[in-house]
Amino acid sequence: PLSMKKRLLALLLCTTCLFALAQRESRPCTVNWKKNEITAYSGDCDRHDLASGRGEAKGFIRFTGSGNKKSGQAGEVVFADSIPFTYKGNFAEGYPDGNGEYYLGDSLYFKGHFQRGLKEGKGELHYLRKSKPDSVIQGYWSGDEFQGDKYKTYNFTTTGLFDQVEIVPTPGSGNSVTIELSTTTGTPNGALDQVQRANSFVLKLTDIMSPTNSIVKRRSVFESANKTYYTYELLSFPCKIFGTLNTGDTFELEMIKSANWKCRIYLNR
């Protein structure tokens, strides 16, 4: 009787595992691609039911700025244009990520590298023409925008004369920027004697704003022996920020690609 109970328990456990596995395999895999409407996906998934690995996604893009107008509420402009698309390639966390091919209608396709659903890195854009060779644009993209024959991920302008400016994004995606300010003599919390402190100078950030409304919040402010760090969480890319320093100097930083950015500004003073 004891042996029979064990057999029944083992059979019940096995049946439960098979049922759970069937449920897992039957659940749809999610593609997080905000600019496109997904109608079908086939391929690999991760344990969170997000597209991951090799796969193929199909759907369409709606255009609201041009095309055929259809009826809508009073004062509302509604357009019915849409173009089907197909993406074949690598996915990560639900996004096209890695090498892939993106076909838009029957007129063009892009072959190259993607990062979180945006064209990022080297690629080529083909415009298909009937009875003629393809019109091809080759080069580098960042933040889904064509940058030319050089890989450009940011723009920086300033009214100040700094001794060093270094701007570096992480290779992978992210959503933050850390601004590091340092000077030769300034020490926010360093141990200085009275003479040294009188001759020291600390470079600080007095104001920051984003005309693209991409700053979510300030994560932290940290003062080391000779540097000050400000870290901000960002909402979207491309992202522009304007900063004002206590010297009255300003800077503008446009971060094109999704990344965790570090902006280092050094003044020999």
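Within each chain, residues carry numbers counting from 1 in the order of the written sequence. Since the coordinates come from a predicted model, pLDDT governs what is reported: local features require at least 70, and pairs of side-chain atoms require 80 or more to be given and counted, while whole-chain, interface and lining totals use all residues. Derived side-chain values reflect all non-hydrogen atoms in the structure, with water molecules and hydrogen atoms excluded from consideration.

Visitor: Looking at this model, I keep getting lost on the state of the cysteines. Mind explaining?
Guide: Disulfides are covalent bonds that link the sulfur atoms of two cysteine residues. When two cysteine sulfur atoms lie within 2.5 Å, the pair is treated as a disulfide. Inspection of every chain in the model, using the stated rule, returns one disulfide. Disulfide pairing places C29 opposite C45 at an S-S distance of 2.2 Å. With C29 in the loop between α1 (2–26) and β1 (37–45) and C45 in strand β1, the pair connects residues that are 16 residues apart, well separated along the chain. Note on C45: relative accessible area 34%, which makes it partly exposed. The helix count covers DSSP runs of H or I at least four residues long, the strand count covers runs of E at least two residues long, and both are numbered beginning at the N terminus. Buried residues are those whose accessible area, probed at 1.4 Å on protein chains only, stays under 20% of the maximum for their type, while exposed residues exceed 50% and partly exposed ones sit between those limits.

Visitor: Explanation requested: the confidence of the model for the chain in the structure shown.
Guide: Residues shown with low pLDDT carry predicted positions that ought not to be read at fine detail. Mean pLDDT over the chain stands at 83; residues scoring 70 or higher make up 78%. Confidence drops under a pLDDT of 50 for residues 15–26, and excluding neighbours within four residues, the segment shows four contacts in the predicted structure. One confidence number per residue, pLDDT, is output by the predictor and ranges from 0 to 100. Any pair of residues with heavy atoms lying within 4.5 Å of one another is described as a contacting pair.

Visitor: In this structure, what is going on with the packing of aromatic side chains? I would like to understand it.
Guide: Think of a pair of aromatic rings as described by two things: how far the centres are apart, and how the planes are tilted against each other in angle. The rule is short: rings of Phe, Tyr and Trp, with Trp giving its six-membered ring, pair when the centres are within 6.5 Å, and they are stacked under 30 degrees, edge-to-face over 60, tilted in between. For the structure on display, the rule yields 15 aromatic pairs. A centroid spacing of 5.5 Å and a plane angle of 65° characterise the contact between W33 and Y102, whose relative ring orientation is edge-to-face. Placement of the pair is W33 in the loop between α1 and β1 and Y102 in strand β6 (residues 95–104), with a sequence separation of 69 residues. As far as burial versus exposure is concerned, W33 and Y102 are alike and both buried.

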